[in-house]
Amino acid sequence: MNEPKPILKLLQECTYFQNMKECDLELLISFSIIKDFENDSIVFYQGEDSKYMHILLEGSIRVYKSKPSGGEVQLMRATAVNTVAELACFESIPYPATCVTTSKAKILKIPFTQFEKDFLSNPEISFGMIKSLSLKLRSLSSLIERELTLSSEQKVAKFIVENQNRFEKLKQVEIASELNITPETLSRMLRKLHKQNLLESTNPPIITDEEGLKEIYKLF
């Protein structure tokens, strides 16, 4: 395996492996696959067999679910270092969503049957996994709450308050995808908030009245 030390250091930044001994990490790397992806490349498809745990070492990805009626629902965006769709491996079910890169990326593909055999009896690793899965469940709960209870205006207002700096890093089309609204709807909501004197500008949005924005979604 090429350059195990840099990969090892990256793995130590992952919640799963923070307490793992270097010799165990080296063993893990030895039976895993390190794969480089170009931007906008499919990592795995919805419905594909979940043979591998995926660890995003470099770059960024998004995970989305295709709707039977067409279109998609974005479930998450992630930047390195992070785990991706590992719950499917634990449940022995196909990947429930599709993962695609949003930049050049490096991903460690860990054969789950080998990982389960060699490592899941280690309580420190199991604790790291519980912690990581807990964070993801919290994120999923937030997504469900947002999709079921918030209007487009409430989604945008809440996102601005909680993620204003991300408007400087992401394109508006990417933010719209994350909120599961169209870019046109996002632009319209930003103009509406600007007309209400809650924003000084819309691109990027600069808050003039944070309490006013919170008032829009405060019941949620």
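Residues numbered from 1 in each chain as written. Predicted model: local features only at pLDDT ≥ 70, side-chain atom pairs only at ≥ 80, totals over all residues. Heavy atoms only, no water.

Colleague: Residues and numbers for the pairing of strand β5 (residues 72-79), please.
Modeller: As judged from the seven bridges shared by strand β4 (residues 60-66) and β5, these two strands associate in the antiparallel manner. Counted as the bridge partner of K65 is V73 from β5. Hairpin remark: β4 followed by β5, antiparallel, with five residues in the connecting loop; positive phi at G70, about 105 degrees. (Pairing = 2+ DSSP bridges. Helix = DSSP H or I, 4+ residues; strand = E, 2+ residues; numbered from the N terminus.)

Colleague: Summarise the state of the cysteines; cite the residues concerned and give the values.
Modeller: This structure, assessed with the given rule, holds zero disulfides. With no disulfide of its own, C14 has C89 as its nearest cysteine by sulfur position, at a separation of 13 Å. Residue C14 is classed as buried on the basis of its relative accessible area, which comes to 3%. No disulfide involves C23; its sulfur sits 18 Å from that of C14, the nearest cysteine. (Disulfide = S-S within 2.5 Å. Buried < 20%, exposed > 50% of the residue type's maximum accessible area, 1.4 Å probe, protein only.)

Colleague: So, the sheet that holds β5: which residues are in play, and what are the values?
Modeller: Strands in a sheet are paired, the pairing made by backbone hydrogen bonds, and the direction either parallel or antiparallel. If you trace the four strands from one edge of the open sheet to the other, you get β2-β7-β4-β5, paired in antiparallel fashion. Both edges of this open sheet fall to β2 (42-44) and β5, since each of them pairs with a single strand only. Within the sheet, the average angular offset between the axes of one strand and its neighbour, ignoring direction, is 30 degrees. In the packing of helix α7 (residues 172-179) onto the sheet, contacts are made with β4 and β5, and the angle to β5 comes to roughly 115 degrees. (Axes fitted to C-alpha atoms, helices over the stretch in contact; angles between N-to-C directions. Contact = heavy atoms within 4.5 Å.)

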